[in-house]
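What follows is each chain in one-letter form.
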Amino acid sequence: MRHAIAWVMTCAFFTNPTIATGETMTQDQQNVLTAVETMTLAFQAGDIDAVMQTYEPGATVVFEPGSPVQDGDQLRAMFTAMAEVNPVFTYTGHEVFVAGDTAIHIAPWSMTGQAPDGQAIAQSGLSVAVLRRQADGAWKMVIDDPHGAHLMAGQN
């Protein structure tokens, strides 16, 4: 569960609708970013129903590196438990790439919160999320891995 709290990072406030290169985002890129922001704001507000609406049924979320979760009831329980730390997320940049009806959002994040015993929590990572355009034009997450940087941990 140590990293589960960190996952919460998938949520954050977005400041500038530009990609890492500083170029203005396309409408599709902005819509993808808005979908991620919607999830982040809902999560920070403790609105787990709204969080779940930002994912496709059967979506995969990696709360712990190497341990993906797909079961909707388990996802809901994990999000609910993580919301209890009152997380506050910050992204330090965004990359959004769109290919047809598929998109990827990549963003470094940090999260602060407070454990039930009052201990301060601070974590960070790299969020990698795959989204798919729905029939109604909305974007929903299909794969959400807030621990994308764990593969680089042993590299110098």
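This text follows the structure it describes.
Residues numbered from 1 in each chain as written. Predicted model: local features only at pLDDT ≥ 70, side-chain atom pairs only at ≥ 80, totals over all residues. Heavy atoms only, no water.

**Some points on the overall build of the protein chain**
Within the protein chain, the regular secondary structure consists of four helices and seven strands. Along the protein chain, from the amino end to the carboxyl end, the secondary structure elements read α-α-α-β-β-α-β-β-β-β-β. The buried share of the protein chain, taken over its 156 residues, is 42%. When contacts within the protein chain are restricted to residue pairs at least 6 apart in sequence, those whose partners lie at least 24 apart make up 59%. For the protein chain, the computed accessible surface area is about 7900 Å², with 54% contributed by carbon and sulfur atoms. (Helix = DSSP H or I, 4+ residues; strand = E, 2+ residues; numbered from the N terminus. Buried < 20%, exposed > 50% of the residue type's maximum accessible area, 1.4 Å probe, protein only. Contact = heavy atoms within 4.5 Å. Areas by Shrake-Rupley, 256 points an atom, 1.4 Å probe, with all protein chains shown as cover.)

**Thoughts on helix α4 (residues 72-83)**
One turn of the α-helix equals 3.6 residues, which is why residues spaced by three or four share an orientation. Its 12 residues give α4 an end-to-end C-alpha distance of 16 Å, which sits within 8% of 16 Å, the value for a rise of 1.5 Å per residue. Of the residues making up α4, those classed as buried are Leu75, Met78, Phe79, Met82 and Ala83. Looking straight down α4, one finds its buried side chains confined to an arc of 130 degrees; they lie on one side. N-capping of α4 is provided by Asp71, with a side-chain oxygen placed 3.2 Å from the backbone N of Asp73. (Expected span 1.5 Å × (residues − 1). Arc of directions from axis to C-beta. Polar contact = N/O pair within 3.5 Å; in protein donor to acceptor, adjacent residues only side chain to side chain.)

**Details of the pairing of strand β6 (residues 120-133)**
Two elements, strand β5 (residues 102-114) and β6, share 13 bridges in a ladder whose sense is antiparallel. For Ala103, the partnering residue across the bridge sits in β6 and is Leu131. What sits between the antiparallel neighbours β5 and β6 is a turn of five residues, in which Gly118 has the positive phi angle 95 degrees. Pairing of β6 with strand β7 (residues 139-145) involves six bridges; the strand directions are antiparallel. Bridged to Ala129 within β7 is Asp144. (Pairing = 2+ DSSP bridges.)

**Focus: the pattern of salt bridges**
The tally for this structure, following the rule as stated, stands at four salt bridges. Ionic pairing is found between Arg133 and Asp28, a salt bridge with its closest N-O pair at 2.9 Å. A residue pair is termed long-range when its members are at least 10 positions apart, and Arg133 in strand β6 and Asp28 in helix α2 (residues 27-44) qualify at 105 residues. The class of Arg133 is partly exposed, set by a relative accessible area of 23%. For Asp28, a relative accessible area of 26% corresponds to the partly exposed category. Here Glu56 and Arg132 are joined by a salt bridge, their closest N and O atoms 2.7 Å apart. Of this pair, Glu56 sits in strand β1 (residues 55-64) while Arg132 sits in strand β6; the two residues are 76 residues apart in sequence, bridging distant segments of the chain. Owing to a relative accessible area of 13%, Glu56 belongs among the buried residues under this scheme. Salt bridges linked by common partners bring Asp28, Asp101 and Arg133 together as one network. (Salt bridge = Lys/Arg side-chain N within 4 Å of Asp/Glu carboxyl O.)

The quantities given are spatial measurements derived from coordinates; they are silent on function.
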